[in-house]
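# Structural overview
As a plain string of letters, each chain reads:
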There are 2 protein chains.
Amino acid sequence: MDATDLRLLAQLQLDASLTNQALAERVHISPATCLRRVKRLIDAGIIESRVAILSPEKLGAGLTAIVELTLDQQAAERLSAFETRAVADSAVQQCYRVSSGPDFVLILQVADMPAYQAAASRLFATDANVRNVRAFFSVHRAKFSPHISLPAAEQ
Amino acid sequence: MDATDLRLLAQLQLDASLTNQALAERVHISPATCLRRVKRLIDAGIIESRVAILSPEKLGAGLTAIVELTLDQQAAERLSAFETRAVADSAVQQCYRVSSGPDFVLILQVADMPAYQAAASRLFATDANVRNVRAFFSVHRAKFSPHISLPAAEQ
DNA sequence: AGAAGGGCGAAATAAAATTTCACGAAAAAT
DNA sequence: ATTTTTCGTGAAATTTTATTTCGCCCTTCT
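The structure contained in this document is the topic of the report that follows. The structure displayed is predicted, hence computed values, not measured ones.

What counts and how
Residues numbered from 1 in each chain as written. Chains lettered and ligands numbered in written order. Predicted model: local features only at pLDDT ≥ 70, side-chain atom pairs only at ≥ 80, totals over all residues. Heavy atoms only, no water. Near = heavy atom within 4 Å. Polar contact = N/O pair within 3.5 Å; in protein donor to acceptor, adjacent residues only side chain to side chain. Helix = DSSP H or I, 4+ residues; strand = E, 2+ residues; numbered from the N terminus. Axes fitted to C-alpha atoms, helices over the stretch in contact; angles between N-to-C directions. Parallel < 35°, antiparallel > 145°, perpendicular 65-115°, else oblique. Left-handed = near helix turned anticlockwise from the far one by under 90°. Contact = heavy atoms within 4.5 Å. Nonpolar A, V, L, I, M, F, W, Y, C, P; charged D, E, K, R; others polar. Pairing = 2+ DSSP bridges. Salt bridge = Lys/Arg side-chain N within 4 Å of Asp/Glu carboxyl O.

### Things to note about the protein's contact with DNA strand D
- Around DNA strand D sit Thr19(A), Asn20(A), Gln21(A), Ala32(A), Leu35(A), Lys39(A), Ser30(B), Ala32(B), Thr33(B), Arg36(B) and Arg37(B), and that is every residue in its neighbourhood.
- Among the atoms of DNA strand D close to the protein, meaning within 4 Å, 70% are from sugar or phosphate groups.
- Arg36(B) has a polar side-chain atom sitting 3.2 Å from a base nitrogen of DNA strand D.
- Arg37(B) places a polar side-chain atom, nitrogen or oxygen, 2.6 Å from a phosphate oxygen of DNA strand D.
- Put simply, the parts of the chain that give the surface near DNA strand D at least two residues each are α2 (20-27) and α3 (31-43) of chain A together with α3 (31-43) of chain B.

Rendered as structure tokens:
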């Protein structure tokens, strides 16, 4: 895990559609080395996956809901039970367990308000353990790049 | 934009590392058709990009901050000015403009608390227009798959 | 100093992507 | 109803790319 790996990761989390050759050039290594290193990063679990980022607007799924959830009983197993259900729901794009304020923050990606209502009743209404729900809605996703800021991967 | 396209998108937002041939098989079309359609989806802007999802834990960037921001002056141009700064910051992974409650919700991905403090002073402290900040911290990202739920892309 | 291990790049090989082409189905026009 | 056009499709050829193999160099340990 050296500076070259960091440069590779920086490139790949910006654009994973680069060919191996193009990637090798940008990182100043040979294609063979590039391939070896990328494979190593995948095997190590540092690269978890490669995904396509789609346009919510063009797909009619342009409503993002940010939901803060407080549970009633906060025993570890009750939290895990909810988390399992949330993670399994296809409207749930992100699920964070937070330490101050609410217990969870969810990001839901849905088509419209009816779709949000459906998801909400699936996830919150049927769970007697949900004490409090606070939701915000966004129709404008100004930034979404699932990147991680890496230490000093200059160039 | 038919059922085949939806199947392609469903596959690609789960795993964009599939080869064109493998993708063609899963969607039951020939490689040539598959390539054409994917290219069309890219040109149409429906596929915005392909990115690698990295493991925050393994990279020592495991702190996610969810930040709700209220601005003082909410004229459109003041909101846009802040948005531009937020989007440009590398710690900002997501930026949503919301309609009820706060004005923005940001997702910051940082290494640790000092890194959060640094980002906060860059983004919030130096901006006299930020009235209120409410932040939650997550050390457990239970789900993160930047997918959009697509209508009826069965099979 | 000598041996062993690991990482590197050049070149050869294998695999995949991409283009080209001709066919057939559906829609539009006559 | 029939012709014409348009559009999408898959097979095959071609080009590009990925992947393996090999020998070399540098580092490390004895």
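Read on for the rest.
### Section: the packing of helix α4 (residues 76-88) of chain B against helix α5 (residues 113-125) of chain B
All names here are of chain B.
- It is at 10 Å that the axes of α4 and α5 come closest, and there the two elements cross at 160°. In terms of orientation, α4 lies roughly antiparallel with respect to α5. Between α4 and α5 the crossing geometry is right-handed. Counting all contacts with α4, which are made through Phe-82, Arg-85 and Ala-86, the residues of α5 involved are Arg-122, Leu-123 and Phe-124.
- Partitioning the contact of α4 with α5 into residue classes produces 4 nonpolar, no polar and 2 charged.

### Concerning the sheet that holds strand β4 (residues 104-110) of chain A
- Within the closed barrel, the 8 strands sit side by side as β2(A)-β4(A)-β3(A)-β5(B)-β2(B)-β4(B)-β3(B)-β5(A). Their pairing is antiparallel. The mean angle between the axes of side-by-side strands here comes to 35°, regardless of whether they run parallel or antiparallel.
- Bridge count between strand β3 (residues 92-98) of chain A and β4(A): 5 bridges; the pairing is antiparallel. Looking at β4(A), one finds that Tyr96(A) is bridged to Val105(A).
- Along the sheet, α4(B) makes contact with β5 (130-144) of chain A together with β2 (63-71), β3 (92-98), β4 (104-110) and β5 (130-144) of chain B, crossing β3(B) at roughly 165°.
- The sheet contacts of α5(B) involve β2, β3, β4 and β5 of chain B, and relative to β4(B) the element is tilted by about 140°.

### Section: the interface of chain B and chain A
- Across the contact, 62 residues belong to chain B and 62 residues belong to chain A.
- Here chain B is connected to chain A by 2 salt bridges.
- Close ionic contact of Glu68(A) with Arg134(B) constitutes a salt bridge, the shortest N to O distance being 3.4 Å.
- Taken together, the links from chain B to chain A amount to 40 residue pairs in polar contact (both at pLDDT 80 or more).
- Of all the secondary structure elements, the ones that give two or more residues to the side of chain B that touches chain A are α1 (3-14), β1 (47-54), β2, α4, β3, β4 and β5 of chain B.
- Of the residues in the side of chain B that touches chain A, the class split is 33 nonpolar, 18 polar and 11 charged.

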